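Each chain is listed here by its residues.
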Amino acid sequence: MVTFYFVTMPNQYITRFHCADPKESPRRLPAWLDCHRKPVSMILRLYATLIFCWDVLIILVQFFLTLLQSLFHLVRPAKAKSLTGEVAAVVGSGRGVGYDLAIQLAELGVKVACIDVNTTDNDLLVKKIQCAGGMACAYECDVTNKADINRTVAAIENSLGTISMLFHSCNVPSARSLVTEPPPIEITLNVGVVSHFLLLEAILPKMKKVSHGHIVFLTSVAGVSGLKHQMPLAVSQFAVQGLYESTLEELRIEKRQHTIYTTLVHIYPFIITDHCLNDIRLRISSAFGRIKSDEAARRIIACVRRNELEISIPKYLLFFQSYTMERQDIVASKKILCVGLCNIDIIQVCDAYPVEDSDQRCHSSRWQRGGNASNNCTVLANLGARCELLASFSDSSTFQFALDDLQQRKIVFDQCVYHRGTQVPLSTVWLSLATGSRTIVHSNPNLPELTLEDFKKINLAEYSWIHFEGRRNTPAIVQMIQCIGCWNLDPENHNSKVTISVEMEKPRHSNLDLLVDGVDVVFVGKDFARFLGHMSARETVEALKQSHPGPYTIICPWGSSDTIAMDKGGHVYSQRTYPPEVIRDSLGAGDTFVAGCIFKLSQNERSLSTVLEFASRLAGRKLAHFGFDELC
């Protein structure tokens, strides 16, 4: 016989069962204990019910109080606090929303510590703030390195004082980063997540010590809804939201939520025009609209001054965790890249050309961003194309004029190369109202030309067309073209081939070296054609095709005369010009013609006659107006 013991109470109350005799009934608990079991159970159930009801009541009361408070603040927003004298660390200040945050904080009397790894952009920002009367210092810091952060925080405290505000925006993506090849996973997570912990570890304890501070977490739409093909970015942005909530809870438990404030900002990058005009197209674009980055920064600061916990830019999109975009995801049409010069033109409009050793007053004067490739981008942007400029930039404060103009026109220049201690390329231009012609004197003392290494930093998958302005660095340009040729020959890039065009304008023999295999379209300037000894556009086209045969289209505009072109099959096209009744500004007319051709050809226009007609009319309109703003 097998005996089992089942323990239901302390050892003195052991019930024994004998399996051999199923008819034997188990012993009952003592009567005095069994009689109290039901009342105790009922009391416990009643207690649990009361606790549940109390929790529900508290939740309802808090809900309605929060609702009433929100409605009140909707009608009468909370009074904005003063930021004068605060010390703000803006991480990622070199460009984007961080750039505008630093400028606007300085305008409010905040001492701004501009932190970025891009020292060139950061130094230019600090100079701009200081010229406007603000107080700012630039700090180069790798926010994924703990020692570097501690060194930077110590330097800020020595120069500006204890950090009382922290804005972390270095991992808020632009639309460009959402539609191109993502960076390595480790870099994304280190910059987007680990850096937050390291910065908080260095700054938050000191905020607690003085019982004063405000931490602003900037994240993107990826922190609200995941993004297909962008898992590392989505993970890092979700983590920022989790870190914000954990920090807020920690401060609440320590009863510091009213002395150290936190704000979580969701930025929807496809709305911010300064970073992604035309990068991402919405099905109903008019319903969403566009917001400039400076306006986004202004809204962020306004919410920070009211100590709001969580906001989104734009505000109403916080309630939508899924959104519809063209082609089911974030989609970008590829860009047109123009490689060449960007300079500043100083333009004097005169009734007639000045006589030597004379003193006269000009009709009008202006500054204008110039350079062939730079002008090509201006025209393409005016036509609505997505374009980018690749050029050498001076770090001189004077060059900020060109940078501001590029940004205003939504021309991407992220890959441009800055050179320290170089002078700004200048062109002094005299426009004669009497003849409609112009005389240009160029100055470019020490700005280096682009190198092959500079070009290799770009991602060819982003571009459908790359145009090269023929310059003195012809060997490097040839290598760049060969680099694109290798890309086009790769079977994996069959659906993303890049069209190549070159412009030969300046009178130098080295331009002929640009006629290499892989070039699709060649633009020949009148000055270069005459330098070669040709007296007409037709003679130029036929001679170059004969001396440098190949499957490329060649186009030669001949000033006020006709334009001659020959396609890959050897067919010749002639296009007349459309000069206006009064020629006001011929500066950049040739660049306008080239950009018009590229624009039409990039839209898969198969008729070369249609392309030439469009470009000729566009150049004619340019001659009738000063600058490029009235072409479209």
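Residues numbered from 1 in each chain as written. Predicted model: local features only at pLDDT ≥ 70, side-chain atom pairs only at ≥ 80, totals over all residues. Heavy atoms only, no water.

Asks: I tried to follow the overall build of the chain on my own but got confused; where do I start?
Replies: Across its full length, the chain holds 18 helices and 23 strands. Here the chain holds 632 residues, and the buried ones make up 46% of them. Residue pairs at least 24 apart in sequence account for 67% of intrachain contacts in the chain once pairs closer than 6 positions are excluded. Total accessible area computed for the chain in this model is approximately 32200 Å², and 56% of it derives from carbon and sulfur atoms. (Helix = DSSP H or I, 4+ residues; strand = E, 2+ residues; numbered from the N terminus. Buried < 20%, exposed > 50% of the residue type's maximum accessible area, 1.4 Å probe, protein only. Contact = heavy atoms within 4.5 Å. Areas by Shrake-Rupley, 256 points an atom, 1.4 Å probe, with all protein chains shown as cover.)

Asks: Where do I start with the pattern of salt bridges in this structure?
Replies: Oppositely charged side chains are able to pair whenever their charged atoms sit close together. Inspection of every chain in the model, using the stated rule, returns 22 salt bridges. Measuring nitrogen to oxygen at the nearest pair gives 2.3 Å for the salt bridge that ties Arg151 to Asp148. Within this pair, Arg151 and its partner Asp148 are both found in helix H4 (residues 146-159), separated by three residues, close to a single helical turn. Judged by its relative accessible area of 46%, Arg151 is partly exposed. (Salt bridge = Lys/Arg side-chain N within 4 Å of Asp/Glu carboxyl O.)

Asks: It is not clear to me how the UniProt feature "transmembrane region" (unreviewed entry) in the chain should be interpreted in this structure. Could you clarify?
Replies: Here the UniProt-annotated "transmembrane region" (unreviewed entry) positions come out as residues 46-72. Segment residues 46-72 splits into 100% helix and 0% strand. End C-alpha atoms: 39 Å apart. (UniProt positions renumbered as here; feature names shortened; annotations may be inferred.)

Asks: Mind showing me how you'd approach the nonpolar core here?
Replies: Here is a general trend for soluble globular proteins: nonpolar side chains tend to be buried in one another's company. Residues Leu380, Leu389, Phe393, Ile555 and Cys597 are the most contacted members of the largest nonpolar core, which totals 44 residues. Elements represented by at least two residues in this core include exactly strand S10 (335-339), helix H11 (372-382), strand S13 (387-390), helix H12 (400-408), strand S20 (521-524), helix H17 (589-602) and helix H18 (608-623). Ranked by residue count, the leading element in this core is H17, at seven residues. If we skip the residues at most four places from it in the chain, Cys597 touches Phe523, Ile555, Val611, Leu612 and Ala615. If you look at the next biggest cluster of nonpolar residues, it comprises 40 residues, including Val339, Leu460, Val524 and Ile564. (Core = buried A, V, L, I, M, F, W, Y, C linked by side-chain atoms within 4.5 Å.)

Asks: Even after reading the chapter, I still don't get the environment of Lys111, so can you show me in this structure?
Replies: Along the chain, Lys111 turns up in strand S4 (residues 111-116). Each C-alpha atom of the pair Lys111 and Gly134 lies 7.6 Å from the other, and the pair is 23 residues apart in sequence. Apart from the residues lying within four places of it in its own chain, the contact partners of Lys111 are Gly85, Glu86, Val87, Ala88, Met135 and Leu160.

Asks: Is there a simple way to think about the environment of Asp629 in this case?
Replies: Along the chain, Asp629 turns up in the segment after H18. Not counting chain neighbours up to four residues away, the residues in contact with Asp629 comprise Asn382 and Arg409.

Asks: Please clarify how H18 should be interpreted in this entry.
Replies: Residues three or four positions apart in an α-helix share a direction because the helix packs 3.6 residues into each turn. If you check H18, its first and last C-alpha atoms are 23 Å apart, about what 16 residues at 1.5 Å a residue would give, namely 22 Å. For H18, every residue scored as buried is listed here: Leu608, Val611, Leu612, Ala615, Ser616, Leu618, Ala619, Gly620, Lys622 and Leu623. Against the buried residues of H18 lie H11, strand S21 (553-557), strand S22 (563-566), strand S23 (572-575) and H17. (Expected span 1.5 Å × (residues − 1).)

Asks: Just to check I follow, could you spell out the sheet that holds strand S5 (residues 136-140) for this structure?
Replies: The strands that make up a sheet are held in pairs by hydrogen bonds between backbone atoms, and each pair lies either parallel or antiparallel. Read from one edge of the open sheet, seven strands run S5-S4-S3-S6-S7-S8-S9, paired in parallel fashion. Every interior strand has two partners, whereas the edge strands, S5 and strand S9 (310-313), have only one. Across this sheet, the average inter-strand angle for adjacent strands is 20°, counted without regard to direction. Two strands pair when backbone bridges link them, and strand S6 (residues 165-168) and strand S7 (residues 213-220) are joined in this way by four bridges, in the parallel orientation. Residue pairing across strands places Phe167 opposite Val216, the latter belonging to S7. On top of the sheet, helix H3 (residues 119-131) reaches S4 and S5; it is set at about 175° to S5, its chief contact. (Pairing = 2+ DSSP bridges. Axes fitted to C-alpha atoms, helices over the stretch in contact; angles between N-to-C directions.)

Asks: So what exactly am I meant to see when it comes to the side chain of Arg369 here?
Replies: Relative to the helices and strands, Arg369 resides in strand S12 (residues 364-370). A distance of 2.5 Å separates a polar atom in the side chain of Arg369 from a polar atom in the side chain of Ser374. Here Arg369 is in contact with Cys342, Asn343, Asp345, Ser374, Asn375, Thr378, Phe401, Ala402, Asp405, Leu406, Arg409 and Ile411, once residues within four sequence places are set aside. (Polar contact = N/O pair within 3.5 Å; in protein donor to acceptor, adjacent residues only side chain to side chain.)

Asks: I would appreciate a short explanation of the packing of aromatic side chains in the present structure.
Replies: By convention here, two paired aromatic rings are described through the distance between centres and the angle between planes. Going through the model one piece at a time under the given rule, you end up with nine aromatic pairs. Consider the rings of Phe455 and Phe468, whose centres lie 5.9 Å apart with planes at 45°: the pair is tilted. Of this pair, Phe455 sits in helix H13 (residues 452-456) while Phe468 sits in strand S18 (residues 463-469), and the two are 13 residues apart along the sequence. For the residue pair Phe455 and Phe468, the accessibility class agrees, reading buried in each case. Connected via pairs of aromatic rings, a cluster forms that spans Phe393, Phe399, Phe413 and Tyr418. Over the ring of Phe614 we find Lys600, and its NZ or CZ is 5.0 Å from the ring centre. The ring of Phe628 has Lys622 lying over it, and the distance from NZ or CZ to the ring centre is 5.4 Å. (Phe/Tyr/Trp six-rings, centres within 6.5 Å; stacked < 30°, edge-to-face > 60°. Lys NZ or Arg CZ within 6 Å of the ring centre and 35° of its normal.)

Asks: How should I be thinking about the sheet that holds S12 in this particular structure?
Replies: Strand order in the open sheet formed by four strands is S12-S11-S16-S17, with mixed pairing between adjacent strands. The sheet is open, and its two edges are formed by S12 and strand S17 (438-443), each paired on a single side. Taking each pair of neighbouring strands and ignoring which way they run, the sheet shows an average axis angle of 20°. One ladder, built from seven bridges, connects strand S11 (residues 343-350) with S12; its direction is antiparallel. Within S12, the position partnered with Ile347 by the bridge is Arg366. Against the sheet, H12 contacts S11 and S12, and its axis sits at roughly 70° relative to S12.

Asks: Help me understand the pairing of strand S19 (residues 499-504) in this model?
Replies: Working note: regular strand, side chains alternate between the two faces of the sheet. Most of S19 sits out of view: five of its six residues are buried. Taking the sense of rotation as the criterion, the β-α-β connection linking S18, helix H14 (residues 474-489) and S19 turns out right-handed. (Right-handed = clockwise from strand over helix to strand, strands pointing away.)

Asks: Teacher, can you tell me more about the confidence of the model for the chain here?
Replies: As a note on interpretation, predicted positions should not be read in detail where pLDDT is low. For the chain, per-residue confidence averages 82 on the pLDDT scale, and residues scoring 70 or more make up 82% of the total. Within the model, the stretch residues 1-20 combines pLDDT values under 50 with 22 contacts to residues more than four positions away or in other chains. (pLDDT = per-residue confidence, 0-100.)

Asks: Explain the side chain of Asp454 to me, please; I cannot follow it from the model alone.
Replies: Relative to the assigned elements, Asp454 resides in helix H13. No salt bridge is formed by the buried Asp454, whose closest oppositely charged neighbour, Lys457, lies at an N-O distance of 4.5 Å. Within the structure, the side chain of Asp454 is placed 3.0 Å from the side chain of Thr451, a separation counted as a polar contact. Discounting residues that sit within four places of it in the chain, Asp454 has contacts with Val417 and Glu449. (Lys, Arg positive; Asp, Glu negative; His and termini not counted.)

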